[in-house]
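Descriptive analysis of the structure
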Amino acid sequence: MTVSRTVCLGFLAVITAGAILLMMPFSTSNGNWNDPIVALFTSTSAVCVTGLSVVDPGTYFSFWGQFFIALLAQIGGLGYMTTTTFLILLIGRKFDLRQKIAIQQSLDRPGMSGSAQVIRSIIATTLIFEITGVFLLMAAFVPDYGWSQGIWLAVFHSINAWNNAGFSLFKDNLIGYQSSVLVVATITGLIIFGGIGYQVILETYLWVRDRLFKKHNNLVFSLDFKVATSTTLLLLGIGTIAFLLVENKNTQTLGSLNFTDQLLAAWFQSVTPRTAGFNTIDIGKMTNAGLFITTALMFIGASPGGTGGGIKTTTLRVLTSCTKAILQGKEEVLLYERKIAISLILKAVGVLIGSMSTVIVATILITLTDPELDFIQILFEVVSAFATVGLSTAITGSVSVPAKLILIVTMYIGRVGILLLMSAILGDPRPSSVHYPEENLLVG
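Residues numbered from 1 in each chain as written. Predicted model: local features only at pLDDT ≥ 70, side-chain atom pairs only at ≥ 80, totals over all residues. Heavy atoms only, no water.

Attention shifts here to helix α2 (residues 36-47). Across its 12 residues, α2 extends 16 Å between first and last C-alpha, which sits within 8% of the 16 Å expected from 1.5 Å per residue. Burial within α2 is extensive, with nine of its 12 residues counted as buried. Considered for burial, the residues of α2 that qualify are Val38, Ala39, Phe41, Thr42, Ser43, Thr44, Ser45, Ala46 and Val47. Residues of α2 that are buried sit in contact with α1 (3-23), α3 (57-60), α4 (63-78) and α17 (401-416). Put simply, Asp35 is the residue that caps the front of α2, since its side-chain oxygen is 3.1 Å from the backbone nitrogen of Ile37. Remark: Val49 follows α2 within two positions and exhibits a positive phi of approximately 45°. (Helix = DSSP H or I, 4+ residues; strand = E, 2+ residues; numbered from the N terminus. Expected span 1.5 Å × (residues − 1). Buried < 20%, exposed > 50% of the residue type's maximum accessible area, 1.4 Å probe, protein only. Contact = heavy atoms within 4.5 Å. Polar contact = N/O pair within 3.5 Å; in protein donor to acceptor, adjacent residues only side chain to side chain.)

Below you can see the structure in the form of structure tokens.
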């Protein structure tokens with residue numbers, strides 16, 4: 001039982017438990033037993049922090065059903081190993097060397113020391129951001145829905161925003177609040193910080209603390225911090241401008257709004273593919289250019305160590321840096337005056353090829369099971385599922401059962417990671433002392 005198999009089977013166990021809970025009569029608003037496919041799809045979408053739904057969560061599920069969705073999204077956002085380790089610490093048990101190794105690999109840490117402190121810090125960071133989000137959203141929801149419903153709406157949406165899940169209890173998602181600066185700023189802030197990774201948040205906190213208390217520590221930001229923050233800011237800026245340009249004249253999305261609301265909506269739609277799944281405009285009425293831009297942003301996704309999916313910002317930067325090095329005739333790949341190891345380059349290529357293969361296969365299969373759907377809709381849905389985004393052109397509930405099962409598998413692969421899944425299936429690689437001769441090959 002390797003670490004990769006433990007993580008993959010752990011996610012399957014949580015998905016199964018969630019599906020059973022969501023099938024119970026007390027989870028549905030009508031008090032009847034839930035459809036197994038609906039329960040399985042919703043549980044997978046929640047644990048994989050995707051947000052795709054074949055039903056309206058706000059009306060289809062009871063309070064307990066909605067509570068289970070939020071709980072599953074919280075577990076999925078933290079990750080299986082983080083959640084189980086926190087529970088071990090909560091009951092006062094010490095974890096052994098195997099669990100320390102699992103934490104090191106799942107969090108991609110350089111060493112095993114201080115694992116318990118890291119888990120506590122992650123949980124504390126999560127609670128701080130989510131509770132802050134709850135209080136901010138209460139200011140918008142309580143006046144509209146009263147205290148009890150308003151508080152629950154704030155809690156549910158704060159959890160889903162931080163964990164990049166994207167489930168909403170409103171029928172039109174967040175379209176009704178597209179002009180609310182408070183809601184847009186709170187939701188997008190939670191999405192960005194939730195998806196950018198714990199390491200980035202920690203380094204930001206240390207930098208702010210040193211400045212506030214005027215400490216003279218020369219904090220050197222890590223390469224992860226520099227790559228994640230710069231790439232995130234660049235993609236957010238490009239996405240906002242791109243949506244303003246391609247949807248500006250579309251009266252069904254941005255065209256009917258004033259400039260301030262257009263800017264808010266374009267900013268929101270630039271943030272949410274990273275990979276939350278909330279929307280303040282009707283995704284199904286976007287132009288093909290807008291859908292394709294969203295698809296590209298979804299495929300890239302968030303940053304490592306965060307709650308989002310996709311191939312990750314660091315993978316994108318490594319691959320673009322490789323291209324830059326080739327064009328400049330260099331034999332080394334550099335990022336911020338640091339040399340990138342060959343093993344990381346190979347991993348980035350593996351992530352890209354594995355991700356593209358998964359998307360291509362899933363898209364082909366759904367075009368065969370549901371030939372009446374437009375290709376752009378199918379591709380959008382598949383990328384949304386694989387990148388654990390949750391945005392949809394409103395076809396999720398109408399696709400066939402085989403297509404739903406394909407999307408379930410795609411969400412699962414996207415959450416655990418294609419390389420981790422292949423490692424779980426094939427087992428850990430065995431070291432070899434055999435070296436083969438090098439030979440040139442025509443490429444390009």
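Following the structure, the description resumes.
Okay, the packing of aromatic side chains next. In the structure shown here, the tally under the stated rule is 16 aromatic pairs. Ring geometry for Tyr60 against Phe61: centres 5.1 Å apart, planes inclined by 75°, an arrangement best described as edge-to-face. For Tyr60, a relative accessible area of 27% translates into the label partly exposed. Under the relative-accessibility criterion, Phe61 is labelled buried at 2%. Judged by centre distance (6.4 Å) and plane angle (35°), the rings of Trp64 and Phe68 are tilted. With a gap of four residues between them, Trp64 and Phe68 both fall in helix α4, about one helical turn apart. Classification of Trp64 as partly exposed rests on a relative accessible area of 44%. Under the relative-accessibility criterion, Phe68 is labelled buried at 10%. Here the aromatic residues Phe26, Phe63, Trp64, Phe67, Phe68, Trp152 and Phe156 are joined through ring pairs into a cluster of three or more. (Phe/Tyr/Trp six-rings, centres within 6.5 Å; stacked < 30°, edge-to-face > 60°.)

None of the figures reported here should be taken as evidence of function without further support.
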